[in-house]
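# Residue-level structure breakdown
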Amino acid sequence: MALFLVNILDGLVTGLLLFMLCSGLTLIFSMMGVLNFAHASFYMLGAYFAYQISTITGFWLGLLVAPVIVGVFGALIERYGLRRVHKYGHVPELIFTFGLALLIEEVIQFFWGKSQMAYSEPEALNFAAFAIAGNSFPAYKVFMIFVAMGLFLTLLYILTKTRIGMTIQAALSYPETVQNLGHNVPLVFMGVFGVGTAMAGLAGVIAGPVLGTFPGMAVQLGSIVFVTIVIGGLGSLWGALVASLIIGWLQTFAAAYNVAMEDILTFAGFTKPENIWDHPLQDLWTLTLPQIGPILPYLLMVFVLVLRPQGLMGKRET
């Protein structure tokens, strides 16, 4: 029971961290219809900027300033780059953002090198918040949970309860009408893109001390971000949260329990071959759950797309 509770908490942290990264991309797609391949690169920029600031002033100022820097950079990218290719369709957008991701990675390596940075959590949170059956739970992970939930509630309130949120959503579906009412639609889109990239930067600031700050951190999470928003539903904030938690718990429990695929297949009603080493599916019978854990989100994505192409809570078909 203790191990189960520990895995629940670890999966919650992983899922909420993934949501922090996915929420910005979900916001950008929901409001602008843009799939940003460079989104994980803004996450990496947030971690590196926060690290650089923390070497001078400490962690807390980096937490406040780094996402703002990333958001301003993202807004400028939308204004002077993405906006110019947006009118040509989705393929030029994807090519532009893919090239931007490669450029950001090269710039990171040019200024900071290829080694992992010594970016760590603040001393004020470097203690065990509580323990479950001898397993300590760090205070920094509790801090991550509160930041992620605060971000979700803030976004939900802005998008559903404020005039700004209603203007943003109206600008996506009826841009000409919103423009005629006196709103600057291009400025709205630039702001949305900037806020979305700032949220990715915030995720990088929070995740850097836990997952490591190195040039490959964007590649490490880049693909799983798109898997998450496809499962949750493109453009759905609630869907991004649910899918992130599912994937977080799925990977955490898969890594924690050393269950053999033989036991799973037998439980499902399959009969084990007598001479397994000559069987064409011998690799499947000899696998363990931790070995297939990394591919479970992708299998889940395929399963969701077959049964519900628009995702769990999405309104747009993927």
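In terms of helices and strands, the protein chain carries 14 helices and two strands. Expected size for 318 residues packed as a compact globule is a radius of gyration near 20 Å; at 21 Å, the protein chain falls within 12% of this value. Viewed in the frame of its principal axes, the protein chain has a C-alpha envelope of about 75 × 45 × 40 Å. Each of the 318 residues in the protein chain was classed as buried or not, and the buried ones make up 48%. Nonlocal contacts in the protein chain, meaning residues at least 24 apart in sequence, comprise 76% of its contacts between residues at least 6 apart. Of the roughly 16,100 Å² of accessible surface on the protein chain, a fraction of 67% belongs to carbon and sulfur atoms. With 12 positive and 14 negative side-chain charges, the protein chain shows a separation of 19 Å between the mean positions of the two kinds.

The subject of this paragraph is the packing of aromatic side chains. The final tally for this structure, using the stated rule, is 18 aromatic pairs. Between Phe19 and Phe152 the ring centres are 5.6 Å apart and the planes differ by 75°, which places this aromatic pair in the edge-to-face class. In this pair, Phe19 sits in helix 1 (residues 2-32) while Phe152 sits in helix 5 (residues 139-161), placing the two residues 133 residues apart along the sequence. Using a relative accessible area of 3% as the deciding quantity, one classes Phe152 as buried. A centroid spacing of 5.9 Å and a plane angle of 40° characterise the contact between Tyr140 and Phe143, whose relative ring orientation is tilted. In this pair, Tyr140 and Phe143 both sit in helix 5, three residues apart, roughly one turn of the helix. Look at Phe143 and you get buried, because its relative accessible area is 17%. In textbook terms, an aromatic cluster arises when at least three aromatic residues are bridged by ring pairs, as seen for Tyr51, Phe59, Trp60, Tyr119, Tyr140 and Phe143.

Here we take up the side chain of Ser41. The residue Ser41 is located in helix 2 (residues 39-57) in this model. A residue is classified by how much of its surface remains accessible, and Ser41, at 4% relative accessible area, is buried. Ignoring anything within four residues of it in the chain, the contact list for Ser41 reads Ala101, Ile104 and Ala218.

Met20, Tyr43, Tyr48, Phe143 and Ile206 are the most contacted members of the largest nonpolar core, which totals 85 residues. Ranked by the residues each element gives to this core, the list is headed by helix 1, at 14 residues. For Met20, the residues in contact, after removing those within four places along its chain, are Val147, Ala148, Leu151, Met199, Leu202, Ala203 and Ile206.

Closest axis-to-axis distance for the helix 2/helix 8 (residues 185-211) pair is 6 Å, and the angle between their directions is 60°. Our classification of the angle between helix 2 and helix 8 gives oblique. Two packed elements cross with a definite hand, and for helix 2 against helix 8 that hand is right-handed. Of helix 8, the residues touching helix 2 (which contributes His39, Phe42, Tyr43, Gly46, Ala47 and Ala50) are Gly196, Thr197, Ala200, Gly201, Ala203, Gly204, Val205, Ala207, Gly208 and Leu211.

Next up on the list: a nonpolar patch on the surface. A contiguous nonpolar surface patch, about 400 Å² in accessible area, is contributed by Val68, Val72, Leu76 and Tyr80. What makes Leu76 partly exposed here is its relative accessible area of 44%.

Take the side chain of His39 next. With respect to the helices, strands and loops of the structure, His39 is situated in helix 2. Engagement of the side chain of His39 in a polar contact is seen with the backbone nitrogen of Leu25, the distance being 3.3 Å. Apart from residues lying up to four places away in sequence, His39 is in contact with Leu21, Gly24, Leu25, Ile28, Gly196 and Ala200.

Overall, the coordinates contain two salt bridges when judged by the stated rule. A salt bridge links Lys141 to Asp10; its shortest N-O distance comes to 3.5 Å. Of the two residues, Lys141 is situated in helix 5 and Asp10 in helix 1; the sequence distance between them amounts to 131 residues.

Here the focus is the layout of surface pockets. For the second largest pocket, the calculated volume is near 420 Å³. Taken together, 19 residues make up the lining of the second largest pocket; nearest its centre are Thr14, Leu17, Leu211, Leu221 and Gln251. Contributions of two or more residues to the lining of the second largest pocket are made by helix 1, helix 5, helix 8, helix 9 (217-232) and helix 10 (237-256). Looking at which element gives the most residues to the lining of the second largest pocket, the answer is helix 1, with six residues. Per-class residue counts for the lining of the second largest pocket are 12 nonpolar, five polar and two charged.

About the cut-offs
Residues numbered from 1 in each chain as written. Predicted model: local features only at pLDDT ≥ 70, side-chain atom pairs only at ≥ 80, totals over all residues. Heavy atoms only, no water. Helix = DSSP H or I, 4+ residues; strand = E, 2+ residues; numbered from the N terminus. Rg over C-alpha atoms; globule rule 2.2 N^0.38 Å. Buried < 20%, exposed > 50% of the residue type's maximum accessible area, 1.4 Å probe, protein only. Contact = heavy atoms within 4.5 Å. Areas by Shrake-Rupley, 256 points an atom, 1.4 Å probe, with all protein chains shown as cover. Lys, Arg positive; Asp, Glu negative; His and termini not counted. Charge placed at Lys NZ, Arg CZ, Asp CG, Glu CD. Phe/Tyr/Trp six-rings, centres within 6.5 Å; stacked < 30°, edge-to-face > 60°. Core = buried A, V, L, I, M, F, W, Y, C linked by side-chain atoms within 4.5 Å. Axes fitted to C-alpha atoms, helices over the stretch in contact; angles between N-to-C directions. Parallel < 35°, antiparallel > 145°, perpendicular 65-115°, else oblique. Left-handed = near helix turned anticlockwise from the far one by under 90°. Patch = residues over 30% accessible without salt bridge, like charges linked within 9 Å, V, L, I, M, F, W, Y side chains within 5 Å. Salt bridge = Lys/Arg side-chain N within 4 Å of Asp/Glu carboxyl O. Polar contact = N/O pair within 3.5 Å; in protein donor to acceptor, adjacent residues only side chain to side chain. 1 Å grid on protein atoms, 1.4 Å probe; cavity = no way out; pocket = protein on both sides within 12 Å on 5 of 7 lines; lining within 4 Å. Points joined across faces, edges and corners; volume = space filled by probe spheres on them. Nonpolar A, V, L, I, M, F, W, Y, C, P; charged D, E, K, R; others polar.

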